[in-house]
Amino acid sequence: MYRNSERFFDRVKAYQQGRAEVLREYEQAVAAAKPFEGSAYHAQALKEAQAKRDADLQAERRSTVAAMQHIFADMRTAVKNRPFVAPTAEAVNVLTVLRMMPNPDRATYTAAEAFLQDSPFALAALDQMAAEHNIHLAGPRQPSVESVLTTVDTMERAFYNALNDTSSSLHDYCPEDAAHCISRFAAIPYTGSTSSTAHPDTARIEALCAEINGPEVDA
């Protein structure tokens, strides 16, 4: 299935490659005209090369912006429409038993957390119950709708920086793969103790992609 995260990566890469190709063609035209520098032909050749460069860059921008507007809209729709999965009867039983216990300890809550790990709403209820006993559970959780939408906003701003801000580190950035692309545009910090061992935070990227990816769509 062609997911929103893949569509985003493909569009970023296609735009940067297309933009680089337009600039290469312009430099080739300038180089070809250089032997005639000072002539009317040279001036006309440069004028035509610049006009073609600007028109081609504008065309790349227009098509990419139009495509990205659809992609970001589809990401937000996927996040807002994520399905509600009701807790199973077993999950409800676990929560009920915990509620009946007068003073469950951390080990009890941790065991329940492991059992309920695939039920986001049951985990949310468990967190509230644990907090009543001053216990904080640190296992992974499904991110809130609001936090994922904020990340999509971050990706959108970073995309427009890549288009418009020549001082941005993303302006000429062509990602090597989807993981690096999502990491850079979503501002997800790399993991690793040194710059030489740093790599994309796969767990966080996968969690984000699970939220922004909707059903299969046309490119």
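Preceding block: the structure.
The rules behind each value
- Residues numbered from 1 in each chain as written.
- Predicted model: local features only at pLDDT ≥ 70, side-chain atom pairs only at ≥ 80, totals over all residues.
- Heavy atoms only, no water.
- Helix = DSSP H or I, 4+ residues; strand = E, 2+ residues; numbered from the N terminus.
- Rg over C-alpha atoms; globule rule 2.2 N^0.38 Å.
- Buried < 20%, exposed > 50% of the residue type's maximum accessible area, 1.4 Å probe, protein only.
- Phe/Tyr/Trp six-rings, centres within 6.5 Å; stacked < 30°, edge-to-face > 60°.
- Lys NZ or Arg CZ within 6 Å of the ring centre and 35° of its normal.
- Salt bridge = Lys/Arg side-chain N within 4 Å of Asp/Glu carboxyl O.
- Core = buried A, V, L, I, M, F, W, Y, C linked by side-chain atoms within 4.5 Å.
- Contact = heavy atoms within 4.5 Å.
- Arc of directions from axis to C-beta.
- Polar contact = N/O pair within 3.5 Å; in protein donor to acceptor, adjacent residues only side chain to side chain.

### Comments concerning the overall build of the protein chain
On a plain count of helices and strands, the protein chain comes out with 8 helices and 0 strands. Taken against the 2.2 N^0.38 rule, which gives 17 Å for 219 residues, the C-alpha radius of gyration of the protein chain at 25 Å runs more than 25% over that of a compact globule. Taking the principal axes of the C-alpha coordinates as reference, the protein chain spans close to 95 × 40 × 25 Å. Within the protein chain, buried positions represent 33% of all 219 residues.

### A few points about the packing of aromatic side chains
Within the structure shown, the criterion is met by 6 aromatic pairs. Both rings, one in Phe-8 and one in Phe-72, keep their centres 5.9 Å apart while their planes meet at 55 degrees; by these two values the pair is tilted. Note that Phe-8 is positioned in helix H1 (residues 4–33) and Phe-72 in helix H2 (residues 40–80), a separation of 64 residues in sequence. By the burial criterion, Phe-8 is buried, and Phe-72 matches it. An aromatic cluster is defined as three or more aromatic residues linked by ring pairs; in this entry it consists of Phe-8, Phe-72, Phe-159, Tyr-160, Tyr-173 and Phe-185. One residue, Arg-53, lies across the ring of Tyr-26, its end atom 4.4 Å from the ring centre. Here the basic side chain of Arg-184 rests over the ring of Tyr-173, its NZ or CZ set 4.1 Å away from the ring centre.

### What to know about the environment of Pro-35
Along the chain, the position of Pro-35 falls in the loop between H1 and H2. With relative accessibility at 66%, the residue Pro-35 sits in the exposed group. In sequence terms Pro-35 and Glu-90 are 55 residues apart; their C-alpha atoms lie 81 Å from each other.

### Quick look at the pattern of salt bridges
Inspection of the entire model under this criterion finds 11 salt bridges. Through salt bridges with shared partners, one network takes in Glu-25, Lys-52 and Asp-56.

### Side note on the nonpolar core
Of all hydrophobic cores here, the largest spans 29 residues; its most connected members are Phe-8, Phe-72, Met-75, Met-155, Ile-182, Phe-185 and Leu-208. Of all the elements in the fold, those that place two or more residues in this core are H1, H2, helix H6 (145–164), helix H7 (178–185) and helix H8 (202–212). The leading source of residues in this core is H6, at 8 residues. What Met-75 contacts, discounting residues up to four positions off in sequence, is Asn-4, Phe-8, Val-152, Met-155 and Ile-212. Of all hydrophobic cores here, the second largest spans 13 residues; its members include Ala-91, Ala-112, Leu-123 and Leu-126.

### Topic: H8
Within H8, the full set of buried residues consists of Ile-205, Leu-208, Cys-209, Glu-211 and Ile-212. Summarising the axial view, the buried residues of H8 lie within an arc of 160 degrees, below the 170-degree limit, and thus occupy one face. Residues Ala-203, Glu-206 and Ala-210 are exposed on H8 and point more than 90 degrees away from its buried face. In this structure, the buried side of H8 is in contact with H1, H2, H6 and H7.

### Observations concerning the side chain of His-171
Within the secondary structure, His-171 sits in the loop between H6 and H7. Among the polar contacts made by the side chain of His-171, one reaches the main-chain carbonyl oxygen of Asp-165 at a distance of 3.5 Å. Those residues in contact with His-171, other than ones at most four positions away along the chain, are Gln-16, Arg-19, Asn-161, Ala-162, Leu-163, Asp-165 and Thr-166.

### Digging into the environment of Ser-183
Along the chain, Ser-183 turns up in helix H7. Residues Ser-183 and Leu-163 lie 20 residues apart in sequence; the distance between their C-alpha atoms is 18 Å. Setting aside residues no more than four positions away along its own chain, Ser-183 makes contact with Ile-188, Tyr-190, Pro-200 and Ile-205.

### Side note on unusual backbone geometry
The residue Asn-134 is not glycine, and still its phi comes out positive at about 60 degrees. Position of Asn-134 among the secondary structure elements: in the loop between helix H5 (120–131) and H6. In the Ramachandran plot, Ala-187 falls in the positive-phi region, its phi being about 60 degrees despite a non-glycine side chain. As for its placement among the helices and strands, Ala-187 is situated in the loop between H7 and H8.

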